[in-house]
Amino acid sequence: MTGVLALAFGYLLGSIPWGLVLTRAAGLGDIRQIGSGNIGATNVLRTGNKPLAAATLLLDLLKGVAALLLAAALWGETAGLLAGFGAMLGHAFPVWLGFKGGKGVATGGGVLLAAAWWLGLGAALVWLATAFATRISSAGAIAACAAAPVIAAVAGRWDLALFAAGIAALVIWRHRPNIERLLAGTEPRIGRRA
């Protein structure tokens, strides 16, 4: 029962659509009508408002951190991991937005960071290096997700490798249209305005 409660707690926390909340509060309208239509930081950046994009990134990351750490403190490590995955599901499929949410990159990064700081940092470094080299956010996200289970396995943490593989599967699945555009050479570059 604790596992279900942790998953539901994480889902509710993860379902807060910070990109939408912040862009509306800033008078920029509905972020789902701009650029890719996504509610995440990369699409908020397409509004041209860098501080708002940074705030979205930070808040999406923090909801992953908070879900895992709070549930772990209340119910133990396994419940924390379940809440972290629940936050990912809430971000990707928020009930408030008709189950049409974000791709989970920042929230997943927060979950990995809370699960093991070195794992989150390693994935973030892969994202930064790939995004810097390609100027394509989705390429960085996919590379970071692919690297996270490997980083955990190399560290001998097979439990975290399996957990990171679950997060990676969700994030990569949510990037299906991006993968098609990457293969076609039409994926937008970071910072391109809508």
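Everything numeric here is computed off the predicted structure, so don't read it as measured data. (Residues numbered from 1 in each chain as written. Predicted model: local features only at pLDDT ≥ 70, side-chain atom pairs only at ≥ 80, totals over all residues. Heavy atoms only, no water.)

**A look at helix 4 (residues 50-75)**
Which entries qualify depends on this criterion: Helix and strand definitions here come from DSSP, where helices need a minimum of 4 consecutive H or I residues and strands a minimum of 2 consecutive E residues; each element is numbered from the N-terminal end. To estimate how far a helix should reach, multiply one less than its number of residues by 1.5 Å. Burial here depends on accessible area, computed with a 1.4 Å probe over protein chains only, as a share of the maximum for the residue type. Under 20% is buried, over 50% is exposed, and the range in between is partly exposed. Here, two residues are considered to be in contact whenever any of their heavy atoms come within 4.5 Å of each other. Counted as a polar contact is a pair of N or O atoms within 3.5 Å, where, for protein atoms, one must be capable of donating a hydrogen and the other of accepting one, and residues adjacent in sequence contribute only when both atoms are in side chains.
Spanning 26 residues, helix 4 covers 37 Å between terminal C-alpha atoms, matching the ideal 38 Å at 1.5 Å per step. Listing the buried residues of helix 4 in full gives Leu52, Ala53, Thr56, Asp60, Lys63, Gly64, Val65, Ala67, Leu68 and Ala71. The elements touched by buried residues of helix 4 are helix 1 (2-14), helix 2 (18-25), helix 3 (41-45), helix 5 (77-92) and helix 6 (105-115). The N-terminus of helix 4 is capped by asparagine 49, whose side-chain oxygen sits 2.9 Å from the backbone nitrogen of leucine 52.

**With respect to the side chain of asparagine 43**
If you trace the backbone, asparagine 43 turns up in helix 3. Judged by relative accessible area, which is 2%, asparagine 43 ranks as buried. Leaving out residues up to four positions away in the same chain, asparagine 43 has contacts with Ile31, Ile34, Gly35, Ser36, Gly37 and Asn38.

**Observations regarding the UniProt feature "transmembrane region" (unreviewed entry) in the protein chain**
To be explicit about the condition: UniProt positions are given in the numbering used here, feature names are shortened, and annotations may be inferred rather than shown by experiment.
Look at the UniProt record and you will see "transmembrane region" (unreviewed entry) annotated at residues 6-31, 111-134 and 140-173. The annotated region residues 6-31 carries 65% helix and 0% strand content, and the separation between its end C-alpha atoms amounts to 29 Å. Within the segment residues 140-173, helix and strand shares are 91% and 0% respectively, and the terminal C-alpha atoms sit 15 Å apart.

**Notes on the packing of aromatic side chains**
Our working rule: Think of it this way: a Phe, Tyr or Trp ring, Trp meaning its six-membered ring, pairs with another when their centres are within 6.5 Å, and the plane angle makes it stacked under 30 degrees, edge-to-face over 60, tilted otherwise. A ring has a charge above it when a Lys NZ or an Arg CZ is no more than 6 Å from the ring centre and no more than 35 degrees off the ring normal.
Within this structure, the stated rule accounts for two aromatic pairs. Ring centres of phenylalanine 9 and tryptophan 75 lie 6.2 Å apart, and the angle between their planes is 80°; on these two criteria the pair is classed as edge-to-face. Of this pair, phenylalanine 9 sits in helix 1 while tryptophan 75 is found in helix 4, placing the two residues 66 residues apart along the sequence. On the basis of relative accessibility, which here comes to 33%, the residue tryptophan 75 falls in the partly exposed class. Between the aromatic rings of phenylalanine 93 and tryptophan 173, the centroid separation amounts to 6.2 Å while the plane-to-plane angle is 45°, which identifies the pairing as tilted. Of this pair, phenylalanine 93 sits in the loop between helix 5 and helix 6 while tryptophan 173 sits in helix 9 (residues 158-174); the two residues are 80 residues apart in sequence, bridging distant segments of the chain. A relative accessible area of 43% means that tryptophan 173 is categorised as partly exposed. A cation sits over an aromatic face here: arginine 176 above tryptophan 173, 4.1 Å from the ring centre.

**Focus: the environment of leucine 5**
Summarising the element assignment, leucine 5 is placed in helix 1. Leucine 5 gets classed as partly exposed once you look at its relative accessible area, which sits at 46%. Separated by 66 residues in sequence, leucine 5 and alanine 71 place their C-alpha atoms 9.1 Å apart.

**What about a nonpolar patch on the surface?**
Basically, it comes down to this: Exposure above 30% relative accessible area and the absence of a salt bridge qualify a residue for a patch, where like charges join within 9 Å and nonpolar side chains (Val, Leu, Ile, Met, Phe, Trp, Tyr) within 5 Å. Each accessible area is a Shrake-Rupley estimate made with a 1.4 Å probe; only the visible protein chains count as cover when residues are assessed. What counts as a salt bridge is simple: a side-chain nitrogen of Lys or Arg found within 4 Å of a carboxyl oxygen of Asp or Glu.
Residues Leu113, Trp117, Leu121, Leu125 and Leu128 make up a contiguous nonpolar surface patch of about 520 Å² in total accessible area. Per-element tally for the nonpolar patch: the top contributor is helix 7 (residues 117-134), with four residues. Relative to the elements of secondary structure, tryptophan 117 occurs in helix 7.

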